Each structure stands twice: as structure tokens, then as C-alpha cells.
Amino acid sequence: MTTDSRRTEQLIRKRWAEDGYANLTPEERDYLVLWWLQTEVDTGGFGQYFFNSAGDSAAEALSARLRHRVGRRVAAAGRGRRAGAVGRRLGQAGRRLDR
């Protein structure tokens, strides 16, 4: 993680703690749901993500991923299969949440 990324994360977490999630900008909320997705999947896989409360934001993470075209960036970095898996898993969860 770069120094700029760390600083961004610190600022968003501080605002979240002080002002609450609902008062964050849409971009800040996108950052958080995508950060939680990456962190949970990296440390314990999708099972951990959906088991923990971070998975409650799966539909939001899917929307953020599509809005920011995260899958294309990941694919460009040589991790295309993983980007596809993320999209499929989040899409499945989003459909379940819509019911």
C-alpha cells in the first residue's frame, strides 16, 4: 500500500468514526465496501466475507465495483480470473438480497 493510499484510508476511517457511515460521500462509502471486500477475501476467502458483517454490503460492493470498473483494472493487472470470480460471487449475493 502506498503512502497516499494509507493516508486516504486513514482520512475515510476517521470521517466514518466521527460522522457515521450514512454521512460519508458516495465515493467514501464505495472505498470502504471495496476495501472490506478485498480484505476479507484476501484473508479468508468469500466464505469469510459472506460470514462476517462485511458481506452485508455485498450488493453495495457489486455496485461500487461496476461503477468504478474495478474488474477491468484487476484484469489488466493479470488477475482476470479473480475479477470474474468476484463479479460472479457478488452478483449471486446481490440477486439473493433482492428477493
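Report follows, based on the coordinates. Counting from 1, residues in each chain are numbered in the order their sequence is written. Only residues with pLDDT of at least 70 are given local features in this predicted model, and only at 80 or more are side-chain atom pairs given and counted; all residues enter the totals for whole chains, interfaces and linings. Computation of side-chain values covers all heavy atoms of the structure but excludes hydrogens and water.

### Side note on the packing of helix H1 (residues 3–19) against helix H2 (residues 26–51)
Working step 1: Between H1 and H2, the least distance of the axes is 11 Å, while the angle of their chain directions is 110°. By the criterion of interaxial angle, the relationship of H1 to H2 is roughly perpendicular. Only Glu28, Tyr31, Leu32, Trp35 and Trp36 of H2 make contact with H1, whose side of the interface consists of Ser5, Thr8, Glu9, Ile12, Arg13, Arg15 and Trp16.
Working step 2: Each residue gets one label: Ala, Val, Leu, Ile, Met, Phe, Trp, Tyr, Cys and Pro are nonpolar, Asp, Glu, Lys and Arg are charged, and the others, such as Gly, are polar. Classifying every residue of the contact of H1 with H2 by side-chain character gives six nonpolar, two polar and four charged. Only C-alpha atoms enter the line fits that serve as axes; for helices the fit covers just the stretch in contact. Angles between N-to-C directions range over 0 to 180 degrees. Helix and strand labels come from DSSP, where a helix needs a run of H or I of at least four residues and a strand needs a run of E of at least two; each type is numbered from the N terminus. These descriptions rest on fixed angle ranges, namely under 35 degrees for roughly parallel, over 145 for roughly antiparallel, 65 to 115 for roughly perpendicular, and the rest for oblique. Contact between two residues is taken to exist if any of their heavy atoms lie within 4.5 Å; hydrogens are not considered.

### Points about the packing of H2 against helix H3 (residues 58–67)
Packed helix pairs are specified by the crossing angle of their axes together with the interaxial distance, meaning the distance between the axes.
Working step 1: At a minimum axis separation of 9 Å, H2 and H3 run at an interaxial angle of 120°. Like other packed secondary-structure pairs, H2 and H3 cross with a definite hand, here left-handed. Across the interface between the two elements, Arg29, Asp30, Val33, Leu34, Tyr49 and Phe50 from H2 touch Ala58, Glu60, Ala61, Ala64, Arg65 and Arg67 from H3.
Working step 2: Broken down by class, the residue content of the contact of H2 with H3 amounts to seven nonpolar, no polar and five charged. A clockwise turn of the near helix away from the far one marks a right-handed crossing, whereas an anticlockwise turn of less than a right angle marks a left-handed crossing.

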